[in-house]
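# Structural description and commentary
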Amino acid sequence: MPMLLPESLLMKEADHVEGFAPECAWVTQGGSEPLAERLAIRPTSETIFCTMYAKWVQSWRDLPMKYNQWCNVMRWEKSTRPFLRTSEFLWQEGHTIHATAEEAQEETLQMLEIYRDFAENVLAIPVLVGRKSELEKFAGARATYSMEAMMHDGKALQAGTSHNFGDNFARAFDIQFLDKDGKQKYVEETSWGVSTRLIGAIIMVHGDDRGLVLPPRVAPIQAVVLPIAAHKPGVAEKAQEVADTLKAAGLRVFLDDRDTYSAGWKFNEWEMKGVPARVEVGPRDIENGVVTVCRRDTLEKVQLPIDSVGERVAALMDEIHVGLFQKALAFRDSHIQDVTNMEELGEAVQHGFARAMWCGDDACELEVKNRFNAKTRNMPFDQTPIGDTCVVCGKKATKLIYFGKQY
Ligand SMILES: [Zn+2]
């Protein structure tokens, strides 16, 4: 879909324009000519998809329609942070339309679950999934769901979102279809996305003072093989053999046989780049029929028999994944506090999340934002109450919700 959106498209859905207009970068001139209508650099693509849906959809037979595009979008930011909050960012945005509200809701929650599964089982980042408050939902959505990750410093990163629009946009853009019962109906719509912000999450959840710590399932290089004292007879050959064995075991491997750098220099470089395992092959290792493997996550060294090095290092990748996830989970859970009053809430969001009961009023949410610079994260699907009164106003609480400072 095109990158430039005529202002009139953006204006069609009232909440959407209100939410996004302040963040838009505008093209006002083409060459030396001022434009009759200014064009927004897309902050997101609902309006252009909707324009096309209105032309494409005729009957229930055309539904559902599901599209995904990878593209750069732009949202003007006053202060930026590499990977976490940048004006221009790369993301995938999925857009779907359906015949029924049930199907749209199913799609919305399915994508949230796919994102959660990816964050936890590939990136080793534990996330809290749930529904956003009315104030924090996407502009124009009926409901927004998010996954929220906790960074090293206790701040939250909204790491992915999935929205159910109901027929809001369908009405604004007149997207109707002829249903099985012969009646014209509005479609039900969803959209969902994750971005390169997830790279920021990887850095901030797993990294340490030595540099990156990459989760094995996305590490471009999972194991680096380093010959030690490579000039000694047999070492270079053995290192090559070990690298080949690891590759044959399905691992992504780099044999670092560059002789322009010392072993110590290479150790530092691969540590900084976060490669999950360093496999050293030296004369003494070869004599003993082993290799020395150093784990990036714990910096522990173990010796593994050279005969079974393929399967052992492959198994180590899963061990590292589980270790990274458990460590991040333990950190997060020890930085979530159940709170029952504002004093406790203010204290909790200094170094993590607060979990609290809330009456559902925007005013209480804003009070927390103004006093502590913390926002609601989301409402977990398990709404088992931890009290009956709102943490802010003391009135009857209806929702369990997380608060936290954010990136
Ligand atoms: Zn309240």
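Before reading further, recall that the structure is shown in the block above.
Since the structure is predicted, the reported quantities are computational estimates derived from the model, not experimental observations.

### Topic: the pairing of strand 15 (residues 290–295)
Of all six residues that make up strand 15, six are buried, and the element is covered over most of its length. Side chains Val290, Thr292 and Cys294 of strand 15 all project onto a buried face; the interleaved residues Val291, Val293 and Arg295 project onto the opposite face, where all are buried too. Relative to strand 15, strand 14 (residues 277–281) runs antiparallel, the two sharing four bridges. Among the inter-strand pairings, Val279 is bridged to a residue of strand 15, identified as Val293. Strand direction decides the pairing type here: strand 15 and strand 16 (residues 301–305), joined by five bridges, are antiparallel. Residue Thr292 lies in a different strand from strand 16, and its bridge partner there is Gln303. Between the antiparallel neighbours strand 15 and strand 16 lie five residues, among them Leu299 with a positive phi of about 65°.

### With respect to the coordination of the zinc ion
Around the zinc ion, the donor atoms from the protein are Cys359 (SG), Cys364 (SG), Cys390 (SG) and Cys393 (SG), and they sit 2.3 to 2.4 Å away. Viewed at the metal, the four donor atoms of the zinc ion are separated by angles of 105 to 117°, and the geometry they form is tetrahedral. Here the donor residues for the zinc ion map to a single chain with the spacing C-x4-C-x25-C-x2-C. Residue Cys359 is located in the loop between strand 18 (353–358) and helix 12 (362–372), and its partner Cys393 is located in the loop between strand 20 (379–380) and strand 21 (399–404); the two are separated by 34 residues in the primary sequence.

### Re the pairing of strand 12 (residues 223–227)
Counting buried residues along strand 12, five of its five residues qualify, which places the element largely inside the surrounding structure. Burial along strand 12 is two-sided: the face carrying Ala223, Val225 and Pro227 and the face carrying Val224 and Leu226 are both buried. Bridge analysis of strand 12 against strand 13 (residues 253–255) gives three bridges, and the strand direction is parallel. Across the sheet, Val225 pairs through a bridge with Leu255, a residue of strand 13. Note that the unit made of strand 12, helix 7 (residues 235–248) and strand 13 has a crossover that is right-handed.

The rules behind each value
Residues numbered from 1 in each chain as written. Predicted model: local features only at pLDDT ≥ 70, side-chain atom pairs only at ≥ 80, totals over all residues. Heavy atoms only, no water. Buried < 20%, exposed > 50% of the residue type's maximum accessible area, 1.4 Å probe, protein only. Helix = DSSP H or I, 4+ residues; strand = E, 2+ residues; numbered from the N terminus. Pairing = 2+ DSSP bridges. Donors = N, O, S within 2.8 Å, 3.2 Å for Na, K, Ca; no water. Tetrahedral: all angles 85-135°; square planar, octahedral: opposite > 155°, others 65-115°. Right-handed = clockwise from strand over helix to strand, strands pointing away.

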